[in-house]
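An overview of the molecular structure
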Amino acid sequence: VTIKNDADATVLSIPTGTTDVGIGETAPLGKLHVMTADSGGSANANADTLVLEESGSGGITILSGSSNNGNIYFGDGDANDRGIIEYKHSDNDLNFYTNATFGMTLKDGGNVGIGTTSPLTKLEVYNTSNGGVITAHKNSEADGDYTGYEFHTSSSSTEYKKGAIYFRADGTVYGRGDILFCNDGVADSNNVSLADEKMRIDSSGRVGIGNTPSGS
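Residues numbered from 1 in each chain as written. Predicted model: local features only at pLDDT ≥ 70, side-chain atom pairs only at ≥ 80, totals over all residues. Heavy atoms only, no water.

**As for the nonpolar core**
Selection criterion: For this analysis, a nonpolar core means a set of buried residues of the types Ala, Val, Leu, Ile, Met, Phe, Trp, Tyr and Cys, connected via side-chain atoms within 4.5 Å. Exposure is judged per residue with a 1.4 Å probe applied to protein chains only, and the accessible area is read against the type maximum: over 50% gives exposed, under 20% gives buried, and values in between give partly exposed. Numbering of helices and strands starts at the N terminus; helices are DSSP runs of H or I of at least 4 residues and strands are runs of E of at least 2. Note on contacts: a residue pair is in contact if any heavy atoms of the two residues lie within 4.5 Å.
Counting residues in each nonpolar core, the largest one holds five residues, listed as Ala164, Tyr166, Leu180, Cys182 and Val192. Those elements giving two or more residues to this core turn out to be strand S13 (158-169) and strand S14 (177-183). In this structure Ala164 touches Tyr149, Glu150, Phe151, Leu180, Phe181, Cys182 and Val192, once residues within four positions along its chain are discounted.

**Some remarks on the pattern of salt bridges**
The condition that has to hold: Here, a salt bridge means any side-chain nitrogen of Lys or Arg that lies within 4 Å of a carboxyl oxygen of Asp or Glu.
If you walk through the whole model with that rule in mind, you get 13 salt bridges. Lys31 serves as the salt-bridge partner of Asp20, at 3.3 Å between the closest nitrogen and oxygen. Here Asp20, found in the loop between strand S2 (10-13) and strand S3 (21-23), pairs with Lys31, found in the loop between S3 and strand S4 (32-35); they are 11 residues apart in sequence, far enough to count as distant. Between Glu150 and Lys161 there is a salt bridge, and its shortest N-O distance comes to 3.1 Å. With a gap of 11 residues between them, Glu150 in strand S12 (residues 146-155) and Lys161 in strand S13 connect regions that are remote in the sequence. The exposure class of Glu150 is partly exposed, given its relative accessible area of 34%. Connected through shared salt-bridge partners, Asp76, Asp78 and Arg82 make up one network.

**Remarks on the environment of Gly205**
Assignment of secondary structure puts Gly205 in the loop between strand S15 (197-201) and strand S16 (207-209). Remark: the alpha-carbon pair of Gly205 and Asp178, spanning 27 residues in sequence, is separated by 8.8 Å.

**A closer look at unusual backbone geometry**
Of note, Asn99 is a non-glycine position whose phi angle comes to about 50°, a positive value. Even without being glycine, Tyr174 reaches a positive phi, approximately 65°. Here Tyr174 lies in the loop between S13 and S14.

**Description of the packing of aromatic side chains**
Put simply, the test is: Only the six-membered ring of Trp is used, alongside the rings of Phe and Tyr, when aromatic pairs are assigned; centres must lie within 6.5 Å, and planes under 30 degrees apart are stacked while those over 60 apart are edge-to-face, with the rest tilted.
As enumerated under the stated definition, the model contains two aromatic pairs in all. Aromatic side chains Tyr97 and Phe102 sit 5.8 Å apart centroid to centroid with 80° between the ring planes, which places their arrangement in the edge-to-face category. Here Tyr146 and Tyr166 contribute two aromatic rings whose centre-to-centre distance is 4.9 Å and whose plane-to-plane angle is 70°, an arrangement assigned as edge-to-face. Here the residue Tyr146 occupies a position in strand S12, and Tyr166 occupies one in strand S13, the gap between them amounting to 20 residues. Given the relative accessible area of 3%, Tyr166 is considered buried.

**Notes on the sheet that holds strand S11 (residues 123-125)**
The condition that has to hold: Any two strands with at least two DSSP-identified bridges between them are counted as paired. Orientation is described by lines fitted to C-alpha atoms, with helices fitted over the stretch in contact, and by angles between N-to-C directions that extend from 0 to 180 degrees.
If you trace the six strands from one edge of the open sheet to the other, you get S6-S7-S8-S9-S10-S11, paired in mixed fashion. Looking at which strands have only one partner, the edges of the open sheet turn out to be strand S6 (69-74) and S11. The average undirected angle you get between the axes of adjacent strands in this sheet is 15°. Here strand S7 (residues 83-88) pairs with strand S8 (residues 93-98) via six bridges, running antiparallel. Paired with Glu86 across the strands is Asn95, a residue of S8.

**Details of the environment of Ala100**
When you line up the elements, Ala100 lands in the loop between S8 and strand S9 (101-106). With relative accessibility at 38%, the residue Ala100 sits in the partly exposed group. Residues Ala100 and Gly83, 17 residues apart in the sequence, show an inter-C-alpha distance of 5.9 Å. In this structure Ala100 touches Asp81 and Arg82, once residues within four positions along its chain are discounted.

This is how it looks when you write it as structure tokens:
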């Protein structure tokens, strides 16, 4: 089935032997394929129910009332709200839900909250149970391998990493190692490294300031 406009251009097409529908496309790549111009790409078999195609920038616009929400819902045979992406126009917040439960928000202004809808800083992670909330992971426990958190400041468009807290593996079993506090106090463009260690807590609990811990 083909429907053409008065300029003889195909507007809608249902190829013979299929129930696929193409709008602006005679060979739809999914159940519904809306094409403005050929991108040269193809649809993934796991996401071809709706295909939107444009040779330049493309996308979907969801228009909602100024005091309402724009939503994308993910459902299955058990529930119609397993996952939700929600834009809340009244607050200009973007919220994410998994298993119908709130998970994360991106607030108007740029603050991100994980487990909280009211983050007070650029990133706030809220946990109702005991235990860590942020993990820095290195997939190795070889002697000298390290992971951690680095602190950036910036001057104009240049960023400098001048401080860090690292966990450095000591090569023993069960991922043991030392916690290093590093601070690069030199007025140059170099970034902090292990060589800028100022304090260490080793795996035995000993503390060294300005030197490696020794003794008990």
